[in-house]
Amino acid sequence: MDALDVAVRVLAVLMAFLLLPLLVGQGEHKVMAHMQGRVGPMHAGGFHGWAQLVADGVKFAQKEDTVPAGADRRVFQLAPAVALIPYLVVLIAIPFGPDGMVGQVVDAGVFFVLAVLGVGVLGSLMGGWASANKYSLLGGLRTAAQLMAYELPLLLSAASVAMAAGTLSLTGILDEFSWWWVPWQLVGAFVFFTAGLAELQRPPFDAPIAAEEIVFGAYTEYSGLRFAFFLLAEYAGIVVLSALTAVLFLGGWHGPFADQLGWLWTLLKTAALCFLVIWARVAWPRLRADQIQKFAWTVLVPLALAQIALTGTLKVVI
Amino acid sequence: MSGGNGYLSPSGQEIVFVLTGLVILGAAVLCVTSRQLVHAALWLVVALGGLAVQYLLLTAEFVAWVQVLIYLGSVVVLLLFGLMLTKAPIGPSPEADGRNRPVALVVSLASAATLVTLVVDAFRTAWIDLETPHGTSDQIGDSLFRVWVLPFEALSVLLLAALVGAIVLSRRRGNAQGNGGS
């Protein structure tokens, strides 16, 4: 691996990290507007207000970056970076196409991805505590409780795929993939995607940032660029979750003409899942914090265990 | 790199290993001495993350990711949850330092001395060849379920006992207080 190769890969991952979350953000504006029968911002940039996100970005950059007087300054300022950077790191290990179209092949890729994703939540917790605001603290508490409940089903359903493929490497899993895995791992896919939604605190699992109850949870006191970083982390999280679900459960780059168009299949599957994430926000009301806990322990964990049993049985039979 | 396993010509990996070790030591000392509870937990994050880097440098990739997943992703989150639940204040908490500091220092120094002696004695002549990976998931799985099955199963029984104990404790309190609180 020479320096040029490394540079190209790093640059490609960085471009994906900077571009895809913005596309999802713009997609969310437009999809929600259409689903709710309203036009939304239409003027910035001309065609359907495509430049609205750019305008938002400029607005965020111009705002004053305030730190509350009672806050723990350093932890408060560090939190957005802790929330954002893990998603960048995770993108390195996600394969986008066949024949080494991946930032870096990681031997225990599934573990790597889930481990690094778990670190990102520390950012919300740090922000929630350091803001010296009771709403932020409540938001942080709910975030932590939610994370602890949904980490288990997320891991179990990912483990099911790893069992099926006989490897923990994301590229290895894709090499083993064949079409009948989709119905075989369907329950696991549902568990993984739902638990991922909950980890991202996306609706209907957005009790930690419920605007009507606790203002904006852990992010209440943030403004300007630091707030924008938290928002960016949310959209990057959507991209990463969708890409992971596509790779683990929907076959990633597999599809017609996979040799040439593999990357396109990955992107299409990821985009379809991103659409589902946005759709869920429009379609479902918010679950209460206790309903969220109950759903994790009484529905998702048993389902994930059943999926593992199914995977194991079929693996032995074949 | 070459055959000469000398201390006088360290490779890049060895230098990084020592530097990371120093960072871990510093973070651990700050974790213990900090009077701000949440800061202590965050220094613990640095120390545990540094350990994951050490595993990586020793080519134990799988162990490194498990370290991040379990300790940073779960244990520290649980710690922070507890700290937030008990409303850990911003700024120093004076009650964080008890009168037991000298005793704690003696105990920690004694246990550190024991561990260092043990490890140095056990691995005195062992030498890890960093060119070949030693900790891929294949190798870890093989040794875990071929060589170390008995300790592994014993640990799972221990965890089960802890789980049952936690359930018993939480149920008893629930009965005493009636149906209040969750």
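All values reported here derive from a predicted model rather than from experimental measurement.

## Thoughts on the overall build of chain B
Regarding its fold elements, chain B presents six helices and zero strands. Its helices and strands in sequence order give chain B the pattern α-α-α-α-α-α, from N to C terminus. Counting the 182 residues in chain B, one finds 16% classified as buried.

## Things to note about the domain arrangement of chain B
The domains assigned to chain B are domain 1 (12-147) and domain 2 (148-182). Distance between the C-alpha centres of domain 1 of chain B and domain 2 of chain B: 26 Å.

## Structural notes on the interface of chain B and chain A
Contacts between the two partners involve 23 residues from chain B, matched on the other side by 28 residues from chain A. Breaking the side of chain B that touches chain A down by element, the ones donating at least two residues are helix H2 (37-57) and helix H3 (61-85) of chain B. When the residues that make up the side of chain B that touches chain A are grouped by side-chain class, the tally is 17 nonpolar, five polar and one charged.

## Digging into the nonpolar core
Judged by nonpolar contacts, the single largest core of 129 residues is most densely connected at A:Ile94, A:Phe111 and A:Leu114. A per-element tally of this core places helix H5 (residues 134-165) of chain A first, with 17 residues. Sequence-distant contacts of A:Leu114, defined by excluding residues within four places in its chain, comprise A:Leu154, A:Leu155, A:Ala158 and B:Leu69.

## Some details on the confidence of the model for chain A
Scored by pLDDT, chain A comes out at a mean of 84, with 99% of its residues at no less than 70. Model confidence for chain A, summarised as mean pLDDT per element, is weakest for helix H9 (residues 211-214) of chain A at 79 and strongest for helix H8 (residues 186-200) of chain A at 90.

## Remarks on the packing of helix H2 (residues 52-62) of chain A against helix H10 (residues 224-249) of chain A
Residues and elements named next belong to chain A. Viewed as axis vectors pointing N to C, H2 and H10 meet at an angle of 135 degrees, and their least axial separation amounts to 6 Å. As summarised for this structure, H2 and H10 are arranged oblique, according to the angle between their axes. Of H10, the residues touching H2 (which contributes Gly57, Phe60 and Ala61) are Gly224, Leu225, Phe227 and Ala228. Residues that form the contact of H2 with H10 fall into these classes: five nonpolar, two polar and no charged.

## Structural notes on the environment of B:Pro133
Take B:Pro133: it is sitting in the loop between helix H4 (101-122) and helix H5 (137-146). Each C-alpha atom, one on B:Pro133 and one on B:Leu58, is 8.3 Å from the other, the two residues being 75 residues apart in sequence.

## With respect to the UniProt feature "transmembrane region" (unreviewed entry) in chain B
All names here are of chain B. Under the local residue numbering, the UniProt record ascribes the feature "transmembrane region" (unreviewed entry) to residues 15-33, 40-58, 64-83, 103-127 and 147-169. Annotation note: span residues 15-33, helix share 100%, strand share 0%, distance between end C-alpha atoms 27 Å. What you have in residues 103-127 is 80% helix and 0% strand, and the ends, taken at the C-alpha atoms, are 36 Å apart.

## Section: the confidence of the model for chain B
Residue-level pLDDT values for chain B average 81, and 88% of them are 70 or greater. Of the regions scoring below 50 in pLDDT, residues 178-182 of chain B engages in one contact with residues more than four places distant in sequence or in other chains.

## Overview of unusual backbone geometry
Omega for the peptide link from A:Pro203 to A:Pro204 comes to 0 degrees, which places this bond in the cis form. Take A:Pro204: it is sitting in the loop between H8 and H9. Positive phi is not limited to glycine here, since A:Val215 has a value of about 60 degrees. Relative to the assigned elements, A:Val215 resides in the loop between H9 and H10. Accessibility expressed as a C-beta count within 10 Å gives 17 for A:Val215, which makes it partly exposed. In this model, B:Thr59 sits at a positive phi of 65 degrees, which is unusual for a non-glycine residue. Residue classification places B:Thr59 among the partly exposed positions, given that 19 C-beta atoms sit within 10 Å.

What counts and what doesn't
Residues numbered from 1 in each chain as written. Chains lettered and ligands numbered in written order. Predicted model: local features only at pLDDT ≥ 70, side-chain atom pairs only at ≥ 80, totals over all residues. Helix = DSSP H or I, 4+ residues; strand = E, 2+ residues; numbered from the N terminus. Buried ≥ 20, exposed ≤ 12 C-beta atoms within 10 Å, placed from the backbone. Domains from an automatic or database assignment. Contact = placed C-beta atoms within 7 Å. Nonpolar A, V, L, I, M, F, W, Y, C, P; charged D, E, K, R; others polar. Core = buried A, V, L, I, M, F, W, Y, C linked by C-beta atoms within 7 Å. pLDDT = per-residue confidence, 0-100. Axes fitted to C-alpha atoms, helices over the stretch in contact; angles between N-to-C directions. Parallel < 35°, antiparallel > 145°, perpendicular 65-115°, else oblique. UniProt positions renumbered as here; feature names shortened; annotations may be inferred.

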